[in-house]
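So the chains spell out like this:
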Amino acid sequence: MPGDLHASGYMEECFAKSQGPGGLYHITTNVLQRKKVKQETYGKVKFKENNLQLIREANRDVGYGYGLCAVVEFRDSDSFPSDEELLNCGTDKGPLLLSRFKEWLKKCSEDDVDFGYRAQSVTLFGPLTRLLYSSIKNGDGAARETVWMLLLPIFSQSKKKNYWIEALAQTVNVTAAWPIAIRMMVRQNCSARVDGRKGHNIACDEFVETHMVKPLKQYCSGQTTLKTLQRLNVNLQLIGSARASYKSRSGFDIHNTKRHSEPSPLRDQVLVCLFCLQEQFFKYDKERRKPKVYPLSQSGSQKFVPNYRCDVYMKGCDKVRSNFDGKMYDIFPQRRRVPSVFRANVPTD
């Protein structure tokens, strides 16, 4: 079973690879003034020094800002329901607004390439990241399976070879290879609940890294014998409970600290929305054939986003379809068997 913690990091990197040249890098660094989140941060150092959390917050705020901008432009478009239609739909106007909003996004994306490119943050990457983190926190195995199926073409188009193979193996196992009992067992144990609170689960590979690998790295040195390592590995829970007793508020905590609160991201999301409105990211214009690269060039020669970073999901589906047999041959050894000779063709004498 592939690890969701590392997969989420590579998913955020694929988000940035696709949307970064078209404005995500520029917005994060220059508009939101988050100097620690650079283009290099999405690469090899994304799992170091709390970079993954900073990347998650940056991508989340940009995605929400794009969504707010799209809603504002939708409100001023011809596809927005009239007052009479809103009055006739009753008290629950959500289904009507949502269906019209989806139709507007689809129609504009077909004719306006720039619009369709940026709409991926609203229709694909934003909901996908939220679904993955929600499935981990709540232990929702069915939602996790959906996420991995959608990640398969994204990883393939983003040239993430190892996770492309992991996603394909996961999808084939879930849909065809595993018996239903194993599939349900994986569904019900897709994340770990450490403190017993609902909605606060962590990924299984995060549990291994935090509660097993990290204590061994902290308490062991290069001179530690194998016997000591075995004892530590058995008594990790005992070590953790001892540390918790020293860290508890009733032990040595003299300065009682109130619960820390995280500032609301709404201000930054509105700031992204205002920037998108200024640059007309979601202003429908069928004459736009290529999305521009940000920051805009001042020399007069404007650069555009490469085609392979536009419409990542559909291009990834084509790539998976064309390479499916070869990848299945590499992943599943049972497909490498040479076909046996039919007994009818073997001479009896």
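Located above this text is the structure these notes cover.
Cut-off values and rules
Residues numbered from 1 in each chain as written. Predicted model: local features only at pLDDT ≥ 70, side-chain atom pairs only at ≥ 80, totals over all residues. Heavy atoms only, no water. 1 Å grid on protein atoms, 1.4 Å probe; cavity = no way out; pocket = protein on both sides within 12 Å on 5 of 7 lines; lining within 4 Å. Points joined across faces, edges and corners; volume = space filled by probe spheres on them. Helix = DSSP H or I, 4+ residues; strand = E, 2+ residues; numbered from the N terminus. Nonpolar A, V, L, I, M, F, W, Y, C, P; charged D, E, K, R; others polar. Axes fitted to C-alpha atoms, helices over the stretch in contact; angles between N-to-C directions. Parallel < 35°, antiparallel > 145°, perpendicular 65-115°, else oblique. Left-handed = near helix turned anticlockwise from the far one by under 90°. Contact = heavy atoms within 4.5 Å.

1. Remarks on the layout of surface pockets
Turning to step 1, where the next piece is worked out: Of the volumes computed, that of the largest pocket is approximately 1,300 Å³.
Turning to step 2, where the next piece is worked out: Residue lining of the largest pocket: 37 residues in total, with Arg60, Tyr64, Thr129, Arg130 and Tyr133 positioned closest to the centre.
Turning to step 3, where the next piece is worked out: At the level of secondary structure, the elements contributing two or more residues to the lining of the largest pocket comprise helix H1 (4-31), helix H2 (51-75), helix H4 (94-111), helix H5 (113-138) and strand E2 (202-203).
Turning to step 4, where the next piece is worked out: In terms of residue count, the dominant contributor to the lining of the largest pocket is H5 (11 residues).
Turning to step 5, where the next piece is worked out: Per-class residue counts for the lining of the largest pocket are 14 nonpolar, 12 polar and 11 charged.

2. Here's the deal with the packing of H1 against helix H12 (residues 266-279)
Turning to step 1, where the next piece is worked out: Taken N-terminus to C-terminus, the directions of H1 and H12 make an angle of 120°; their axes are 11 Å apart at the nearest point. The angle between H1 and H12 falls in the class oblique. The interaxial crossing formed by H1 with H12 has right-handed handedness. When H1 is examined against H12, the residues His26, Ile27 and Val31 are found in contact with a partner set consisting of Leu271, Val272 and Phe275.
Turning to step 2, where the next piece is worked out: Looking at side-chain class alone, the contact of H1 with H12 contains 5 nonpolar, 1 polar and no charged residues.

As far as function goes, none of this settles anything; it's purely spatial.
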